[in-house]
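Letter by letter, the chains look like this.
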Protein chains: 2
Amino acid sequence: MAEPKTRLRLRLHFGEGAMLGPGKADLLEKITETGSISAAGRGMGMSYKRAWMLVETLNSIFAEPLVVSSRGGAQGGGAEVTEMGRQVLAQYRALEARVRAAGAAEISALEAMLASDMSDGK
Amino acid sequence: MAEPKTRLRLRLHFGEGAMLGPGKADLLEKITETGSISAAGRGMGMSYKRAWMLVETLNSIFAEPLVVSSRGGAQGGGAEVTEMGRQVLAQYRALEARVRAAGAAEISALEAMLASDMSDGK
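About the cut-offs
- Residues numbered from 1 in each chain as written.
- Chains lettered and ligands numbered in written order.
- Predicted model: local features only at pLDDT ≥ 70, side-chain atom pairs only at ≥ 80, totals over all residues.
- Heavy atoms only, no water.
- Contact = heavy atoms within 4.5 Å.
- Buried area = accessible area lost by both parts, 1.4 Å probe.
- Salt bridge = Lys/Arg side-chain N within 4 Å of Asp/Glu carboxyl O.
- Polar contact = N/O pair within 3.5 Å; in protein donor to acceptor, adjacent residues only side chain to side chain.
- Axes fitted to C-alpha atoms, helices over the stretch in contact; angles between N-to-C directions.
- Helix = DSSP H or I, 4+ residues; strand = E, 2+ residues; numbered from the N terminus.
- Parallel < 35°, antiparallel > 145°, perpendicular 65-115°, else oblique.
- Left-handed = near helix turned anticlockwise from the far one by under 90°.
- Nonpolar A, V, L, I, M, F, W, Y, C, P; charged D, E, K, R; others polar.
- Least-squares fit on C-alpha atoms with pLDDT ≥ 70 in both.
- Core = buried A, V, L, I, M, F, W, Y, C linked by side-chain atoms within 4.5 Å.
- Buried < 20%, exposed > 50% of the residue type's maximum accessible area, 1.4 Å probe, protein only.
- 1 Å grid on protein atoms, 1.4 Å probe; cavity = no way out; pocket = protein on both sides within 12 Å on 5 of 7 lines; lining within 4 Å.
- Points joined across faces, edges and corners; volume = space filled by probe spheres on them.
- Phe/Tyr/Trp six-rings, centres within 6.5 Å; stacked < 30°, edge-to-face > 60°.

Peer 1: Break down the interface of chain B and chain A for me, citing the residues and quoting the values.
Peer 2: In this complex, chain B contributes 39 residues to the contact, which on the side of chain A involves 39 residues. Approximately 3700 Å² of surface area, both sides summed, lies buried where chain B meets chain A, with 68% of it carried by carbon and sulfur atoms. The largest share of the area that chain B buries against chain A comes from F14, L110 and M113 of chain B, three residues that together contribute 19% of it. Here chain B is connected to chain A by two salt bridges. Here E106 of chain A ties to R98 of chain B by a salt bridge, and the two come within 2.6 Å at their closest N and O atoms. Run the count over chain B and chain A and you get 10 residue pairs in polar contact (both at pLDDT 80 or more).

Encoded structure:
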């Protein structure tokens, strides 16, 4: 009866405080779609400043920039996700899918122990 | 050369704002070890109040309490992780292990793209 609705979110801690999680992955995806850091941030309900900071963090974690922008500033120029950005996003999404599949038995076991008002799809 | 040190943390969102992640799992584990909510919280650097709130949340998410305590209050009485609590913790730990194993290829691919100061084990 219950519609399984459990979402599994995962976050990688690479050390040195460097993390990759759902927020940065979604931001990369939205920048790919919109070609703009500010539009991407807006679509996720975050300020331009925060979106920009996340992009700077992403660019500092990896060997090459994941996002390049033609100009900064509050207006925001065009932004592009680089080849490495696409690869990082693809690996993260592949990891999510694999994890979801691999953990299906444990997730079901946990769902079976939920209180009824958590598991009846309400 | 690089010592892989990436940690993967996962959080389950069951809906209705109910979540199970590393913090609650660690707390259950510490309560098992210490037999005390306050000692468990202290061991994790959290206030008694916060530890207690997390326990109440855990108890409300699942069909049966995961932790029972002989008395509350700031002194904290004894606390015990129930059979369902042990099962929830065991499934969560199994999920972590499975996810880690299943995602090894993607995690390696991401590690290979890290900036050198992120991946040289410093």
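Peer 1: A description of the packing of helix α4 (residues 83–102) of chain A against helix α5 (residues 104–112) of chain B should follow, citing residues and the corresponding values.
Peer 2: Two elements in contact, α4 of chain A and α5 of chain B, have axes whose closest approach is 9 Å; the angle formed by their N-to-C orientations is 160°. Here α4 of chain A lies roughly antiparallel to α5 of chain B, going by the angle between them. Read as a crossing pair, α4 of chain A and α5 of chain B show a hand that is left-handed. For the pair α4 of chain A and α5 of chain B, contact is made by V88, Q91, Y92, A94, L95 and R98 of chain A and by E106, I107, A109 and L110 of chain B, respectively. Here the residues of the contact of α4 of chain A with α5 of chain B are counted per class, giving seven nonpolar, one polar and two charged.

Peer 1: Which residues make up the relation of the copies chain B and chain A, and what are the values?
Peer 2: Expressed as a screw operation, the relation of chain B to chain A combines 0.0 Å of axial shift with a rotation of 180°, fitting to an RMSD of 0.0 Å. Both copies of the chain, as the preceding transformation shows, are related through a two-fold rotation axis. Taking C-alpha positions as the reference, the residue of chain B nearest the rotation axis is L10 of chain B, at 2.2 Å. A high fraction, 100%, of the interface residues of chain B reappear at the interface in chain A, so the copies pair face to face through one surface.

Peer 1: Provide a residue-level description of the nonpolar core, including the pertinent values.
Peer 2: Ranked by size, the top nonpolar core spans 70 residues in total, and within it F62 of chain A together with F62 of chain B carry the most contacts. Excluding anything up to four places from it in sequence, F62 of chain B contacts L110, M113, L114 and A115 of chain A together with F14, L20, M84 and V88 of chain B.

Peer 1: Quick one: what's the story with the layout of surface pockets, residue by residue and with numbers?
Peer 2: Estimated volume of the largest pocket: approximately 240 Å³. Along the wall of the largest pocket there are 13 residues; nearest its centre are R9 and R11 of chain A together with R9, R11 and P22 of chain B. Its residues assigned to classes, the lining of the largest pocket shows four nonpolar, four polar and five charged.

Peer 1: Describe the packing of aromatic side chains, with residues and values.
Peer 2: Residues and elements named next belong to chain B. Counted under the stated rule, the structure contains four aromatic pairs over all chains. When the centroid spacing of 6.0 Å and the interplanar angle of 80° are considered together, the rings of F14 and F62 count as edge-to-face. Here F14, found in strand β1 (residues 7–15), pairs with F62, found in the loop between α3 (48–61) and β3 (67–69); they are 48 residues apart in sequence, far enough to count as distant. Accessibility classification places F14 together with F62 in one group, the buried group. Pairing Y48 with W52 gives two aromatic rings, centres 6.1 Å apart and planes at 20°, and the pair type is stacked. Taken as a pair, Y48 and W52 lie in helix α3 at a separation of four residues, close to a single helical turn. Exposure remark for W52: the relative accessible area of 24% places this residue in the partly exposed category.

Everything listed here is a matter of coordinates, which is why it stays silent on function.
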